[in-house]
Structure formats: C-alpha cells, structure tokens
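Structure assessment
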Amino acid sequence: MRRRTRWAVGAAAAVLVAGGGITVAVASSHGSSGTSAPSTESADAGFARDMATHHQQAVEMSYIVRDRTKDEEIRRLAYDIAQTQANQRGMLLGWLDLWELPKVPQGAPMEWMGMGDMPPGEDGALMPGMATNTELKGLGKLSGRAAEVRYLQLMTRHHKGGIHMAEGCVDRCEVGVELRLAQGMVDSQESEIELMADLLKARGAKP
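In this report, we go over the structure that sits alongside the text. Because the structure is a prediction, the values reported are computed rather than measured. Once a new chain begins, its residue numbering starts again from 1 and follows that chain's sequence as written. Owing to the predicted nature of the model, reporting of local features is limited to residues with pLDDT of at least 70; listing and counting of side-chain atom pairs is limited to 80 or more, with chain, interface and lining totals taken over all residues. Side-chain metrics in this entry use all non-hydrogen atoms of the structure; hydrogen atoms and water are not considered.

1. Brief notes about the side chain of Glu148
Each helix is a run of DSSP H or I of at least 4 residues and each strand a run of E of at least 2, with the numbering of both proceeding from the N terminus. By the secondary structure assignment, Glu148 is in helix α5 (residues 144–172). When a residue's accessible area, from a 1.4 Å probe over protein chains only, is under 20% of the maximum for its type it is buried; when over 50% it is exposed; and in between it is partly exposed. Note on Glu148: relative accessible area 7%, which makes it buried. Two N or O atoms count as a polar contact when they lie within 3.5 Å, although within protein this holds only if one can serve as hydrogen donor and the other as acceptor, and sequence-adjacent residues are included solely when both atoms are side-chain atoms. A polar atom in the side chain of Glu148 sits 2.6 Å from the side chain of Thr69. Working rule for contacts: check all heavy atoms of both residues, and any pair within 4.5 Å makes them a contact. Other than its neighbours up to four places away in sequence, Glu148 contacts Val65, Thr69, Asp71, Ile74 and Arg203.

2. Here's the deal with the packing of helix α2 (residues 43–66) against α5
Only C-alpha atoms enter the line fits that serve as axes; for helices the fit covers just the stretch in contact. Angles between N-to-C directions range over 0 to 180 degrees. Between α2 and α5, the least distance of the axes is 10 Å, while the angle of their chain directions is 170 degrees. With respect to each other, α2 and α5 are oriented roughly antiparallel. Of α5, the residues touching α2 (which contributes Ala43, Phe47, Asp50, Met51, His54, Gln57, Ala58, Met61, Ser62 and Val65) are Ala147, Glu148, Tyr151, Leu154, Met155, His158, Gly161, Gly162, Met165, Ala166, Cys169 and Arg172. Taken together, the residues of the contact of α2 with α5 sort by class into 13 nonpolar, 6 polar and 3 charged. Each angle is binned into one of four classes, with values under 35 degrees roughly parallel, values over 145 roughly antiparallel, values of 65 to 115 roughly perpendicular, and all other values oblique. Under the convention adopted here, Pro, Cys and the residues Ala, Val, Leu, Ile, Met, Phe, Trp and Tyr are nonpolar, Asp, Glu, Lys and Arg are charged, and Gly plus all remaining residues are polar.

3. Overview of unusual backbone geometry
In the Ramachandran plot, Met110 falls in the positive-phi region, its phi being about 65 degrees despite a non-glycine side chain. Relative to the helices and strands, Met110 resides in the loop between α3 (72–98) and α4 (133–141). Positive phi is not limited to glycine here, since Asp123 has a value of about 55 degrees. Of the residues examined, Asp123 reaches a relative accessible area of 36% and is grouped as partly exposed.

Structure representation (structure tokens):
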C-alpha cells in the first residue's frame, strides 16, 4: 500500500510539472497559429467549466480532512489530491481565459455531455459524485479515524463522478492537450480509487 501511495504522489508531481507546458501548448494552438478557439457551447469549454467546479470541491474536502486527522498517510493523500486538482483547475480556467469564454456555465451542468436534462443537484451537489453541503459540514465535525473513513468514502464517490466526466471529454473534446489531460485524470483517479479502497479496508470500512 505504501508503494502505491508513493506511485500516486509521483504521478501527481509529473502532472504538476507538465501543467505549465500544457497551458502554453493550448495558448499556441489557439492563439498565434490563428486556429479558432472552441465555442462556448463546445465540449471543450463545457468540460473546462464543469471540471473546474468539480475539482474545487475535492480541494475543499482534502483540506478539511488534513485538519481533522494526524494520520500521515491520509494527510499525504489529501495534500496530493488538493495540489493536483488545484493545479488542473487553474489550467482549465486559464484555457477559458485564452479562449475568451465565460467561466460560469450559462446552461445546466454537464449539458455538453447531453445530460442537461438531469434533475438539478440538491444541497450543493451540482454534478454526479459531488458531496452535498450537509455532507461537507458533517466531515468538518469528525476527527481521527471517523474523519478518515468519511473522507475516503466521499472522495471515492467524487472520483467516480470525475472519471465519468473526464471520459465524456475524451469522447467529445477536440483540443488535443485537453483530451490528454482528461485521459490523465481518468488514469490517475482510477489508481487513487484503488488506493482509497485499500485504506478503507485497513480501517474496517467499505467505499
């Protein structure tokens, strides 16, 4: 389990190092070359907006649990997820800036995936996998093992929702570097789900 943790942290570090290059690549492919930017209704723009929102909650949950436990393995995982997803969120919002597109969706969440008619999210859970405001408040009231288990359960569900959305981009997006980032999200979050299952098992809990 420790070996898998080190692998996950290493993979996340590689994503962070690559982040600047990915942003520059998008800037050149949709700027100086004269290629037109994606439209505001495109999957590229929709994914960037929705995943930025989805990521923000993962960052929030991760910092909550870091203050609620002294377990170093959970604290490292939470810090890794927070830093990776904050960096990716910055890239997604940066691309919207480069494309001169609004950062706030004008339609329903995940409309770009053909899911605009899904029931509106309740209690702050705007998209599949997201925690409700009540669940976030509940996490903030826990400590120790109880906080660790609840965080791992919420983040496992959150990752599954994120993977579903990232796969939607892989199928629909047209900007090459965004496609590659989305596929990287799928790969890394699937690995983290396996790690979190091990951590839950070690604590006598299930996803």
